[in-house]
Amino acid sequence: MNLFRLAVAASFAALMTGVIAGAAKADATLDRIKQRGSLIAGVILSGAPFGYIDAKSQEQKGFNIDLATELARGLGVKLETVTVTPPNRVQFLQQGKVDLLIANMSWTEERAEMLDFVPTAFERSGGIALGRNGTPVKDWPDLKGKTVCLSQGANFTKPLAEEIGAKVKGFPSQPDSLLALKGGQCDVAVHTGATLRVMLLDHPEDWKEYEVLTPTDLLPSLNVIWVRKGEKDIRDALDGIMRHLHGSGWIIDAAERNRLAVTPYFLETRDANKGR
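Thresholds, definitions, all that
Residues numbered from 1 in each chain as written. Predicted model: local features only at pLDDT ≥ 70, side-chain atom pairs only at ≥ 80, totals over all residues. Heavy atoms only, no water. pLDDT = per-residue confidence, 0-100. Contact = heavy atoms within 4.5 Å. Salt bridge = Lys/Arg side-chain N within 4 Å of Asp/Glu carboxyl O. Helix = DSSP H or I, 4+ residues; strand = E, 2+ residues; numbered from the N terminus. Phe/Tyr/Trp six-rings, centres within 6.5 Å; stacked < 30°, edge-to-face > 60°. Buried < 20%, exposed > 50% of the residue type's maximum accessible area, 1.4 Å probe, protein only. Lys NZ or Arg CZ within 6 Å of the ring centre and 35° of its normal. Axes fitted to C-alpha atoms, helices over the stretch in contact; angles between N-to-C directions. Parallel < 35°, antiparallel > 145°, perpendicular 65-115°, else oblique. Left-handed = near helix turned anticlockwise from the far one by under 90°. Nonpolar A, V, L, I, M, F, W, Y, C, P; charged D, E, K, R; others polar.

Quick question: what am I supposed to make of the confidence of the model for the protein here?
In low-pLDDT regions, the fine details of the predicted coordinates are not to be read closely. On average, the protein scores 91 in pLDDT, and the residues at 70 or more come to 90%. In the model, residues 1-26 has pLDDT below 50 throughout and makes two contacts with residues more than four positions away in sequence or in other chains.

Mind showing me how you'd approach the pattern of salt bridges here?
Where charged atoms of side chains with opposite charge meet at close range, the side chains can pair. For the coordinates displayed, the defined rule picks out 16 salt bridges. Here Asp116 makes a salt bridge to Lys229, at a shortest N to O gap of 3.6 Å. Of this pair, Asp116 sits in strand β6 (residues 116-117) while Lys229 sits in the loop between β13 (226-227) and α9 (232-247), and the two are 113 residues apart along the sequence. Salt bridges sharing common partners tie together Lys232, Arg235 and Asp236.

Would you mind showing me how to read the packing of aromatic side chains here?
Working definition: an aromatic ring pair is given by the centre-to-centre distance plus the angle between the planes. The full count for this structure, using the stated rule, is five aromatic pairs. Considering the side-chain rings of Phe63 and Phe122, the 6.0 Å spacing of their centres and the 35 degrees angle between planes classify their relative orientation as tilted. With Phe63 in helix α3 (residues 63-75) and Phe122 in the loop between β6 and β7 (123-132), this pair connects stretches of sequence that are 59 residues apart. Judged on exposure class, the residue Phe63 and its partner Phe122 are both buried. Through pairs of rings, three or more aromatic residues link up here, namely Trp107, Phe117 and Trp226. In this structure, Lys97 is placed above the aromatic ring of Phe92, and the distance from its NZ or CZ to the ring centre is 4.5 Å. Directly above the aromatic system of Trp207 lies the positively charged group of Lys182, at a separation of 4.3 Å from the ring centroid.

Looking at this model, I keep getting lost on the side chain of Gln174. Mind explaining?
Along the chain, Gln174 turns up in helix α7 (residues 174-182). Judged by relative accessible area, Gln174 falls into the buried class, the value being 7%.

What should I look at first to understand the packing of α3 against α9 in this one?
Any two packed helices are characterised by how steeply their axes cross, that is the angle between the axes, and by the distance between the axes. Packing of α3 against α9 brings their axes to within 10 Å, and their N-to-C directions diverge by 110 degrees. Taken together, the axis directions place α3 and α9 in an arrangement best described as roughly perpendicular. Two packed elements cross with a definite hand, and for α3 against α9 that hand is right-handed. On the side of α3, the interface is formed by Leu67, Glu70, Leu71, Gly74 and Leu75, while α9 contributes Ile234, Ala237, Leu238, Ile241, Met242 and Leu245. Here the residues of the contact of α3 with α9 are counted per class, giving nine nonpolar, one polar and one charged.

Mind showing me how you'd approach the environment of Lys229 here?
For Lys229, a relative accessible area of 43% translates into the label partly exposed. Taking the C-alpha atoms as reference, Lys229 lies 30 Å from Glu163; in sequence the two are 66 residues apart. When sequence neighbours within four positions are dropped, the list of residues in contact with Lys229 reads Ala112, Glu113, Met114, Leu115 and Asp116.

Here it is in structure tokens:
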């Protein structure tokens, strides 16, 4: 009997050791980053001002790239980037192909059930509708029954389909969605306002037959950095860096440098974190 009890105790101890080891592994991203000497960030390169490939230098540019570089510097490591898309970004993070996501992925309750996020957001924005000149859409309710192109997994999908009654068509990326708009597959395309407004400024000839149709942004949401569920160490480390970047004014400088409109959110968050 004593031998049986000893065997059970040993088995239980082994089981608990495995559980503890698994928990430690689940929250080991910060240690891996330090040991590796690099931060691997998943980024989307769908267009300025957030992320794009510079035509001349062929280098990655944009607000999100600048932010990822600064986060790596704050952690004392170099930056590596992996290009992700709306359909694969969560999978890449959960599989450990990237350490975090800065990938045009705003906070939603559904996403927060799957992943953890850095509490201090880096930006707040919503969507706008782009369509051909003269399209009979003056505001969001006018999209009822209309076909809307957007990126797969966009947080605009649910309100457009369920609240407004639009016919939603998802595409792998923003460029694919906009190509579908030009090809007549939809009445309008809905994407983050900051990206579409810069695109219209940079490529007026390509978009001279199109205009912004909606006077207000749809579903303004906080854009946050995402990490794997339960990874408190990296989340807290990144949050400290984010608070400093806001408080020092770096975030506003980066926004202006990348032609991202400085909204009240930027100013309020800077003032709330001054001196950090």
